Amino acid sequence: MARRLSYSARFTHPAETLYQAQSTRQYWDDMMAGFQMISPHCAVDSFTADETGMKVVLKQTIGRDQLPALAQTVLMKDMVITREETFGAFDPDNTKGDYTASIPAGPGSLQGWQELFPTETGCTIRKTTEVKVFIPFVNGKLEQLMLVNLVDLFRAEAEYAADWVKKNL
């Protein structure tokens, strides 16, 4: 059975400003440069942005020795994560997108939906994630581990986004 997580990040910036940041390649390049402190092999694999929306593909390698013990029992090599994020064309009321993460020969799947919408004090990005692990007996524990790590990732990325917008837009 898949597990779900809903996470919301609130910003003091207008939705259009946050969308503009995420529609800029430099935003993603700078984010990957920051990730290199944790895992040295990460980069923007591809990026497109036009009037129909934006799409970014990120690749990150995490050494097997950096993985939690439970994950090491399943993955015998370094973990290579390919992550795709999209947003459609900017809609001042609610811009929608999605995201996925995959691991070659990985034991599960991760997919999600995101929306960016204005609030009285700025804007919010809401991410709804679904994870599923296909290994009996440990699937629930691995799914929960993935969701806990996603909360940490989303929190760090929200802090990064707020800081990047403040410094660059």
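As a reminder, the structure under discussion sits directly above these lines.
Treat the numbers as computed from the prediction; the structure is a model and nothing was measured.

Novice: So, the pattern of salt bridges: which residues are in play, and what are the values?
Specialist: Taken as a whole and assessed by the stated rule, the structure comprises 10 salt bridges. Salt-bridge contacts for Glu-143 lead to Arg-3; the nearest nitrogen and oxygen are separated by 3.1 Å. In this pair, Glu-143 sits in helix H4 (residues 139–168) while Arg-3 sits in strand E1 (residues 3–11), placing the two residues 140 residues apart along the sequence. Its relative accessible area of 1% is what places Glu-143 among the buried residues. Residue Arg-155 is joined to Asp-152 by a salt bridge in which the shortest nitrogen-to-oxygen separation is 3.8 Å. Pair noted here: Arg-155 and Asp-152 are both in helix H4, with a separation of three residues, about one helical turn. Each of Arg-83, Glu-85, Lys-127 and Glu-157 takes part in salt bridges that share partners, so that together they form one network.

Novice: Outline the packing of helix H1 (residues 15–22) against H4, listing residues and values.
Specialist: In contact at an axis separation of 10 Å, H1 and H4 are set at 95° when each is read in the N-to-C sense. Comparing the axis directions of H1 and H4 gives the class roughly perpendicular. Contact residues: H1 offers Thr-17, Leu-18 and Ala-21, while H4 offers Ala-161, Trp-164 and Val-165. Across the contact of H1 with H4, the residue classes tally to five nonpolar, one polar and no charged.

Novice: Account for the side chain of Glu-115, with residues named and values stated.
Specialist: Topologically, Glu-115 is positioned in strand E6 (residues 108–119). Using a relative accessible area of 19% as the deciding quantity, one classes Glu-115 as buried. Of note is the side chain of Glu-115, whose polar atom sits 2.8 Å from the side chain of Asn-94.

Novice: Got a sec to walk through empty space enclosed by the protein? Specific residues and values, please.
Specialist: Scanning the entire structure with this criterion turns up one cavity of 30 Å³ or more. Looking at the largest cavity, its volume works out to about 140 Å³. Taken together, 15 residues form the lining of the largest cavity, with Gln-22, Ile-125, Lys-127, Glu-157 and Ala-158 sitting closest to its centre. Elements with a contribution of two residues or more to the lining of the largest cavity: E1, helix H2 (25–35), strand E4 (79–88), strand E7 (122–133) and H4. The element contributing the most residues to the lining of the largest cavity is H4, with four residues. Residues belonging to the lining of the largest cavity are distributed by class as follows: 10 nonpolar, one polar and four charged.

Novice: Summarise the pairing of strand E2 (residues 41–50); cite the residues concerned and give the values.
Specialist: Strand residues, when the strand is regular, have side chains that alternate between the two faces of the sheet. By the bridge criterion, nine bridges tie E2 to strand E3 (residues 53–62) in an arrangement that is antiparallel. The residue of E3 that forms the bridge with Val-44 is Leu-58. Linking E2 back to E3 in an antiparallel pair, the connection comprises two residues.

Novice: Explain the nonpolar core to me, using residue names and the numbers behind them.
Specialist: Ranked by size, the top nonpolar core spans 35 residues in total, and within it Phe-11, Leu-18, Trp-28 and Leu-116 carry the most contacts. For this core, the secondary structure elements donating two or more residues are E1, H1, H2, E2, E3, E6, E7 and H4. The element that contributes the greatest number of residues to this core is H4, accounting for nine residues. Beyond its immediate stretch of four places on either side in the chain, Trp-28 contacts Gln-22, Val-44, Phe-47, Met-54, Val-56, Leu-58 and Glu-85. With five residues, the next largest nonpolar core counts Leu-67, Ala-71, Met-79 and Ile-81 among its residues.

Parameters and conventions
- Residues numbered from 1 in each chain as written.
- Predicted model: local features only at pLDDT ≥ 70, side-chain atom pairs only at ≥ 80, totals over all residues.
- Heavy atoms only, no water.
- Salt bridge = Lys/Arg side-chain N within 4 Å of Asp/Glu carboxyl O.
- Helix = DSSP H or I, 4+ residues; strand = E, 2+ residues; numbered from the N terminus.
- Buried < 20%, exposed > 50% of the residue type's maximum accessible area, 1.4 Å probe, protein only.
- Axes fitted to C-alpha atoms, helices over the stretch in contact; angles between N-to-C directions.
- Parallel < 35°, antiparallel > 145°, perpendicular 65-115°, else oblique.
- Contact = heavy atoms within 4.5 Å.
- Nonpolar A, V, L, I, M, F, W, Y, C, P; charged D, E, K, R; others polar.
- Polar contact = N/O pair within 3.5 Å; in protein donor to acceptor, adjacent residues only side chain to side chain.
- 1 Å grid on protein atoms, 1.4 Å probe; cavity = no way out; pocket = protein on both sides within 12 Å on 5 of 7 lines; lining within 4 Å.
- Points joined across faces, edges and corners; volume = space filled by probe spheres on them.
- Pairing = 2+ DSSP bridges.
- Core = buried A, V, L, I, M, F, W, Y, C linked by side-chain atoms within 4.5 Å.

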